[in-house]
Amino acid sequence: MSAVQQELRTRREAWGHTTPGRERDAREAERRAARRRLWNRVSFALCCIVSFGAVWWVAAKGAEIYELNDEHAKLQAAIAAQQAVNANLQMQVSELEQPAHILDVAINKLHMVYKNPVMIPTQGNGE
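Model, not experiment: these values are computed from the prediction.

J.: Help me out: how do you make sense of the overall build of the chain in this one?
T.: Within the chain one finds 3 helices and 0 strands. For the chain, the α and β elements follow one another from N to C terminus as α-α-α. In the chain, buried positions account for 1% of the 127 residues. Taken as a whole, the chain presents about 12200 Å² of accessible surface, with 62% of it coming from carbon and sulfur.

J.: Honestly, a nonpolar patch on the surface in this entry has me stumped. Any pointers?
T.: On the surface, Leu38, Trp39, Val42 and Leu46 cluster together into a nonpolar patch covering about 420 Å² of accessible area. Along the chain, the position of Leu38 falls in helix α2 (residues 21–96).

J.: Help me out: how do you make sense of a positive patch on the surface in this one?
T.: A contiguous patch of positive charge on the surface is contributed by Arg32, Arg35, Arg36, Arg37 and Arg41. Accessibility expressed as a relative area gives 45% for Arg37, which makes it partly exposed.

J.: Hey, could you run me through the environment of Leu103 in this one?
T.: Structurally, Leu103 is set in helix α3 (residues 99–109). Linking Leu103 and Tyr114, residues 11 residues apart in sequence, is a C-alpha distance of 8.9 Å.

J.: Can you help me understand the environment of Ala106 in this one?
T.: One can find Ala106 in helix α3. The class for Ala106 is buried, based on a relative accessible area of 14%. Aside from chain neighbours lying at most four places away, what touches Ala106 is His111 and Met112.

J.: Got a minute to help me understand the pattern of salt bridges in this structure?
T.: Side-chain pairing between opposite charges can occur once the charged atoms of the two side chains come close. Here the structure, examined in full by the defined rule, presents 3 salt bridges. With a shortest N-O distance of 3.3 Å, Arg31 and Glu28 are connected by a salt bridge. Separated by 3 residues within a single helix, Arg31 and Glu28 lie in helix α2, roughly one turn from each other. According to the relative accessible area criterion, Arg31 is partly exposed, its value standing at 43%.

J.: Help me understand unusual backbone geometry, please; the structure alone is not making it clear to me.
T.: A negative phi angle characterises most non-glycine residues, just as the trans form characterises most peptide bonds. The phi dihedral of His111 is positive, around 55°, even though this residue is not glycine. Relative to the elements of secondary structure, His111 occurs in the segment after α3. Taking the relative accessible area as the measure of exposure, His111 reaches 62% and is therefore exposed.

J.: How should the state of the cysteines be read in this particular structure?
T.: As enumerated under the stated definition, the model contains 0 disulfides in all. Residue Cys47 stays outside any disulfide, its sulfur separated by 7.1 Å from that of Cys48, the closest cysteine. Take Cys48: its relative accessible area is 37%, and that puts it in the partly exposed class.

Rules of the game
Residues numbered from 1 in each chain as written. Predicted model: local features only at pLDDT ≥ 70, side-chain atom pairs only at ≥ 80, totals over all residues. Heavy atoms only, no water. Helix = DSSP H or I, 4+ residues; strand = E, 2+ residues; numbered from the N terminus. Buried < 20%, exposed > 50% of the residue type's maximum accessible area, 1.4 Å probe, protein only. Areas by Shrake-Rupley, 256 points an atom, 1.4 Å probe, with all protein chains shown as cover. Patch = residues over 30% accessible without salt bridge, like charges linked within 9 Å, V, L, I, M, F, W, Y side chains within 5 Å. Salt bridge = Lys/Arg side-chain N within 4 Å of Asp/Glu carboxyl O. Lys, Arg positive; Asp, Glu negative; His and termini not counted. Charge placed at Lys NZ, Arg CZ, Asp CG, Glu CD. Contact = heavy atoms within 4.5 Å. Disulfide = S-S within 2.5 Å.

What follows is the structure, given as structure tokens:
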């Protein structure tokens with residue numbers, strides 16, 4: 001029987017079944033620990049990348065909002081300036097529309113002569 005056992009032993013060695021269960025369990029535990037460390041590193045790297053992307057996105061949106069607020073303030077200032085110019089022009093128009101001003105320009109600048117209004121005589125009976 002020893003020859004058969006010797007033959008089985010050599011076949012087991014060829015197939016790698018000669019290692020005791022503890023060594024096999026230790027190697028398996030080491031592989032699991034290595035996989036766990038790798039997974040921890042990969043997940044940490046992914047978390048860092050996602051966090052960086054989120055911070056980058058928030059910063060980009062903040063910069064965009066700041067730019068829009070600045071443009072809005074500039075437009076509000078331009079609107080206020082144009083409203084002041086419009087109010088000044090409206091005041092000038094209202095002064096120039098006054099009949100006294102029109103008469104003054106007609107007589108003094110255009111040298112027009114003021115004539116008395118034409119009176120049409122009517123007959124005594126009101127016809």
